[in-house]
Amino acid sequence: MSNQKNRKLSQRQFFFLIIQTQIGVGILSLPYDLHIAAKQDGWLSLIIGAFIIQFVLIVLWLLGKKYPEWDLFQMIEFLTGKWLGKVLSLSYAVYFTFVGALVLVLFGRMISGWILPNTPIWVITFLMTSVSLYLVCSGIKVVARFFTMLSALLLFLLFLLVFSLNELKLMYLFPVATSSWKELAAGVNSGMLAFLGFILILVIAPKVKGAAVDTLKTIFIAHWFVAIFYLIIVLISFTFFSTEELPLVSSPILYMLKSFEFTVVSRVDLFFLSVWIVSVTTTFTIYIYMSGVGLMRVFHSQNKKVFLIVTAAAAFFISFWPIGSQKTIDAFTSHIMTASYGMAIFLPFILYGLSLFRKKNAAGSER
Amino acid sequence: MMMKRLLLAVICLVVLTGCWDTRHFKNVKLVLTIGFDAADDEKIKSTVSIPTIRRGADGPGEETVSVLSEIGYTPRSAREKIDLRISNAFDPSKLEVLLLGEELAKKDIYPVLDVFYRNPKNNLNAKLAVIEGEVEEAIGMQPNIDTRPSKYISGLLDAVKDATHTTGDNLQLICAELFEPGVDFVLPLLKVDKEMSTLKFNGLALFHDKVYTGDKITPEQTTLLMLMMGYKGKVARFTTQVLEDEEEQIMNYISFNVMNLDRNLNINVKDGEVEAVINLKLNIRVVEYPKKHLDKATEVTKLDDKLSEELTKEAKDIISRLQEANSDVFSIGRRIQAYHYKEWKKMDWNEEFSQITITPKVEVNIQQQGVIN
């Protein structure tokens, strides 16, 4: 990290890093998850969730602003002391690896179910792992540039959805707000989970150039970009499928695209999936990166590549464990989601609380 | 650097050695039409048409179509049996038409369709139709007009859709209508005409929930029903009797095309009483009117009024049929659920629909009359 100064990321790259991390494996099932929880009011839950996350983001930003030179792991070590800090940092690294494994599991399952039923899943996940590993080994600057380029594909995803506009029936969104508070809250839960990945802000912030205010602006714009992207997808799914039908369709967008046919492309869903794979790759790449950085800090090492390979391999092998049946995948998912509340929301709040009691310290005084 | 190269080599090895999921065209038999009939003991008879291309030494291959039927407990088990009879694997991923026998459609049709929704390889764009009589006859028929039955049937279904006789629903689009309470649907009815060796569009089968009610809308009325539902294909043509006193029968009729339409459906719920009004405004172009005195504005207005009256009368007839069959094709029920949720919770829509008042108001405007008056 000696040449960190001239390797800083621009605000634009920061923006694309955030959205590419957040938009990932979840977009296919998000409308379904919301609908299961809150029926046709799922989109309300999503908006409520987005506002809550917005609040969390402010706290993360305040924390990052206090220690502009440090990433998450350095902050942890400074704020909680050496040993507890190491334990917490390590658990973050493990958490990121597990999220990476979850991404692999959901990805492998989806590809296996929709396109390649005869290919062993490990081949699919192995390809994903190796591509991401290759990408992440080139350094965060390259990753950021690559993500910026790939973001054009998100527009392509939206473009594919245009064809559905004829078949949408707004009627299916009504009656509004008939779900109970409990259902709405469950929907908020599913909605918030779609935004996870924002913790990236704390890991990457010290590498971003520009004033803290600019960073906040970028974070907000990125957050609402993702929120609106999700909202479009959810509204399209909710109005294309009827209220009673959606609970049967676990990846509504794909299912919807499958029923359209054009002269040249007869299976639009496969098109969509190919683009979606890219979104999954970006998410997985970032989780490997964060986990690798975490391990590096824990072991005070400079050899990033070794740790990246270790985490990628770990995620790959962990993914074998739940991939067998839907039941184990669901259990795995729900455990990681619970952990996410602790790691991405609760702990940062604690850290911020601690930072209020710590005397404002000149950055890097420890080293 | 070394590591990157190694990684690249490994990736190439994995990617280039081949694919587990290749499906060669030579190894599958594409099934383009599939149909289901009810068989004895609640079994299902599945009939498929499979085109085979025989390669000649030179010139284009000759195409033959074989039709196979088997009986099984479920569509899939019947398919396994058919698989045992053909040289390659049975592949419905390019399915064009799915036909349901009348008897089968009178029971819940979802169990028959489930296999198509469940497998991602299947084509959800396949068109559906109900056959009056046996599907086996329809698929087995050798049409003189087109070479293969599937092309013929799908062409026929496209044509009736373009002529505003059906909604053109495919497998995916009816799925919502199957499950949603307060939303029903219609499917085209086809009948085998043995003498002419053709199929004939014979109206629309009215469904309630997931079941064919057995009632239908006749082909003469389907266009008006479609317009009342807000659908218009490429052309919507009517021939209506507007006069009675002319000596020659041909003089009594007028034919016109609908140029555009404006439909709205108003629903009022008061004290549990549902009132629905369907306003339909049609702008038309007269294409045939042998009596040819459309030069005066008053004549045109008179004709407008007469046509409006006739079509409104017919619309009322259609609605009484729908209510008799308890088939809520306008999705009035779902609308009440959406916009009058409190009232909806109090009613039992299955009972209610036939009791409500639906008033159609058709307003016709002659806008063009061809190049002569």
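For the rest of this paragraph, the subject is the overall build of chain A. If you tally the helices and strands in chain A, you get 15 helices and zero strands. When its C-alpha atoms are laid out on the principal axes, chain A stretches across 60 × 45 × 35 Å. A buried classification covers 57% of the 367 residues belonging to chain A. Counting only contacts in chain A whose residues sit at least 6 apart along the sequence, the fraction spanning at least 24 positions is 84%. Accessible surface, chain A as shown: approximately 15000 Å² in total, 69% of it carbon and sulfur. On chain A, the mean spot of the 27 positive side-chain charges and the mean spot of the 14 negative ones are 16 Å from each other.

A few words on the domain arrangement of chain B. Residues and elements named next belong to chain B. Along its sequence, chain B is carved into domain 1 (28–216) and domain 2 (218–373). Its C-alpha centre places domain 1 at a distance of 31 Å from the equivalent point of domain 2. With 24 residues of domain 1 at the interface, the matching set in domain 2 holds 30 residues. Summed over both partners, the interface of domain 1 with domain 2 comes to about 2000 Å²; 59% of that surface belongs to carbon and sulfur atoms. Interface area lost by domain 1 to domain 2 is led by Asp-162, Thr-164 and Gly-182, which between them contribute 26%. Run the count over domain 1 and domain 2 and you get two salt bridges. Residue Arg-334 pairs with Glu-180 through a salt bridge whose shortest N-O separation is 2.5 Å. Remark: the boundary between domain 1 and domain 2 carries 13 residue pairs in polar contact (both at pLDDT 80 or more). Elements with a contribution of two residues or more to the side of domain 1 that touches domain 2: α6 (149–162), β9 (198–208) and β10 (211–217). Here the side of domain 1 that touches domain 2 gets seven residues from one element, more than from any other, and that element is β9. Looking at the side of domain 1 that touches domain 2 residue by residue, the class counts come to nine nonpolar, nine polar and six charged.

Residues and elements named next belong to chain B. The sheet built from four strands is open, its strands ordered β11-β12-β13-β14 with mixed pairing. Whereas interior strands pair on both sides, the edge strands pair on one side only; in this sheet they are β11 (237–241) and β14 (357–368). Along the sheet, successive strands turn relative to each other by an average axial angle of 40 degrees, direction set aside. As defined by bridge partners, strand β13 (residues 273–288) adjoins β14 across 11 bridges and the pair is classed as parallel. Paired with Ile-278 across the two strands is Pro-360, which belongs to β14. Across the sheet, helix α9 (residues 297–325) touches β11, β12 (253–270), β13 and β14, and the angle it forms with β14 is around 150 degrees.

With that settled, the discussion passes to the pattern of salt bridges. Residue and element names in this part refer to chain B. Inspection of the entire model under this criterion finds 15 salt bridges over all chains. We note a salt bridge from Glu-80 to Arg-76, for which the minimum N-O separation is 3.0 Å. Taken as a pair, Glu-80 and Arg-76 lie in helix α2 (residues 75–83) at a separation of four residues, close to a single helical turn. Relative accessible area serves as the criterion here: at 37%, Glu-80 is assigned to the partly exposed category. Here the salt bridges share partners, and the residues they tie into one network are Lys-45, Glu-134 and Glu-136.

All names here are of chain A. Averaged over every residue, the pLDDT of chain A is 85; residues scoring 70 or more account for 96%. Per-element mean pLDDT across chain A ranges from 84 in helix α12 (residues 252–258) up to 91 in helix α14 (residues 304–318). Contacts from residues 1–5, a stretch scored under 50 in pLDDT, to residues over four places away or in other chains number four contacts. Across residues 362–367, where pLDDT falls below 50, the model places six contacts with residues more than four positions away in sequence or in other chains.

Accessible area lost upon the coming together of the parts is a frequently used measure of interface size. Contacts between the two partners involve 36 residues from chain B and, on the opposite side, 35 residues from chain A. Across the interface of chain B and chain A, roughly 3100 Å² is buried in total on both sides, 63% from carbon and sulfur atoms. When residues of chain B are sorted by the area they lose upon contact with chain A, Trp-20, Asp-21 and Pro-120 of chain B head the list and together hold 19% of the total. On inspection of chain B and its partner chain A, the count reaches eight residue pairs in polar contact (both at pLDDT 80 or more). Secondary structure elements with two or more residues in the side of chain B that touches chain A: α1 (2–16), α4 (110–118), α7 (171–179) and α10 (332–339) of chain B. Ranked by residues supplied to the side of chain B that touches chain A, first place goes to α1 of chain B with seven residues. In the side of chain B that touches chain A, the residues fall into 19 nonpolar, eight polar and nine charged.

Criteria and thresholds
- Each residue is numbered by its place in its chain's sequence as written, counting from 1.
- Numbering of ligands from 1 and lettering of chains from A proceed in the order in which they are written.
- Two thresholds apply to this predicted model, a pLDDT of at least 70 for residue-level local features and 80 or more for giving and counting side-chain atom pairs, whereas whole-chain, interface and lining totals are computed over all residues.
- To obtain the side-chain values, all non-hydrogen atoms of the structure were included, while hydrogens and water were left out.
- Going along the chain from the N terminus, every DSSP run of H or I of four or more residues is numbered as a helix, and every run of E of two or more is numbered as a strand.
- Accessibility here uses a 1.4 Å probe with only protein chains present; expressed as a share of the type maximum, an area under 20% marks a residue as buried, one over 50% as exposed, and anything in between as partly exposed.
- Contacts are assigned to residue pairs that have any heavy atoms within 4.5 Å of one another.
- Each accessible area is a Shrake-Rupley result for a 1.4 Å probe, and residues are judged covered by the shown protein chains and nothing else.
- Charge assignment: positive for Lys and Arg, negative for Asp and Glu; neither His nor the chain ends contribute.
- Positions of charges follow a simple convention, taking NZ of Lys, CZ of Arg, CG of Asp or CD of Glu.
- The split into domains, and so the bounds of each, comes from an automatic or database assignment of domains.
- A simple way to read buried area is as the amount of 1.4 Å-probe accessible surface that goes missing from two parts once joined, with both sides added.
- For this analysis, a salt bridge means a side-chain nitrogen from Lys or Arg found within 4 Å of a carboxyl oxygen belonging to Asp or Glu.
- Definition of a polar contact: a pair of N or O atoms within 3.5 Å, with one able to donate and the other able to accept a hydrogen when the atoms are protein atoms, and with sequence-neighbouring residues admitted only if both atoms are side-chain atoms.
- Gly falls in the polar group here, along with every residue not listed as nonpolar (Ala, Val, Leu, Ile, Met, Phe, Trp, Tyr, Cys, Pro) or charged (Asp, Glu, Lys, Arg).
- Strands were regarded as paired on the criterion that DSSP finds at least two bridges between them.
- Lines are fitted to the C-alpha atoms to define the axes, a helix being fitted only along its stretch in contact, and any angle between axes, read from their N-to-C directions, falls within 0 to 180 degrees.
- pLDDT gives the predictor's per-residue confidence on a scale running from 0 to 100.

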